[in-house]
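# Reading the structure
Below are the chains, spelled out letter by letter.
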Amino acid sequence: RPSHVSLAGGMAAVRRSLLIISALCAILGLLWPQIEEYLKDKTACPIFKDGDPKEAMKPPTGGTAAPDGNHEASIPLRTFTAEELSKYDGKQSDDSPIYLAVDGIVFDVSAGRNYYGPDGSYGIFGGRICDRALALGKLENGYLIGSLEGLSEKEITTHKHWVNFFKKKYSAVGVLAGYLPSK
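Just so we're clear, the structure is a prediction, and the values are computed from it rather than from any experiment. (Residues numbered from 1 in each chain as written. Predicted model: local features only at pLDDT ≥ 70, side-chain atom pairs only at ≥ 80, totals over all residues. Heavy atoms only, no water.)

Both strand β1 (residues 78-80) and strand β4 (residues 171-176) contribute to a ladder of three bridges, which runs parallel. If you follow Arg 78 over to β4, its bridge partner there is Gly 174. One ladder, built from four bridges, connects strand β3 (residues 105-108) with β4; its direction is antiparallel. Note that in β4 the partner of Ile 105 across the bridge is Val 175. (Pairing = 2+ DSSP bridges. Helix = DSSP H or I, 4+ residues; strand = E, 2+ residues; numbered from the N terminus.)

The next thing to look at is unusual backbone geometry. A positive phi angle, close to 55°, is found at Asp 103, a residue other than glycine. Along the chain, Asp 103 falls in the loop between β2 (99-102) and β3. You can call Asp 103 buried: its relative accessible area is 5%. (Buried < 20%, exposed > 50% of the residue type's maximum accessible area, 1.4 Å probe, protein only.)

Let us now look at the sheet that holds β3. Reading across from one edge, β1-β4-β3-β2 is the order of the four strands in this open sheet, with mixed pairing throughout. In this open sheet, the two edge strands, each paired with only one partner strand, are β1 and β2. Neighbour-to-neighbour, the strand axes of this sheet turn through a mean angle of 40°, independent of strand direction. As judged from the four bridges shared by β2 and β3, these two strands associate in the antiparallel manner. Residue pairing across strands places Leu 100 opposite Phe 107, the latter belonging to β3. Relative to β2, helix α7 (residues 153-169) is tilted by about 140°, and along the sheet it contacts β2 and β3. (Axes fitted to C-alpha atoms, helices over the stretch in contact; angles between N-to-C directions. Contact = heavy atoms within 4.5 Å.)

Have a look at this one:
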């Protein structure tokens, strides 16, 4: 069998594959608005639920914590120890405040009780320091610490995304005692 015949057959298979991929991409492009709406309606993730994820990545404007990362506020913020923070897990009553800490900033996430309350999909974060868990996308107690040591550049970027998300979405009510924010 001549080699040019098998090469022609292989090229035809490649063309068919590319045609199928192009058709799938076109269909996905046409259906994307419906897919995005479905994700916003069905997901438990507050980024998709409450707005455009690109907006969550933008630096916050205003708020109670200074945008330069030194955590000095326009009004005095309370200093929390990890033990004090743990009392704000929302488990005391249906209207008790829920706080969590990211990058040394304590945020009041009570408005997101459906997410951060005891029965919420992110309920494990209530009253806790969440840096490592958010950077790694882990919902386990062992990751609820402030250390980012040993994380990859991608994981650090994910952490920064979450810091910006919380700064934009929730009010800062305090800072963690002795915590140095990430750069």
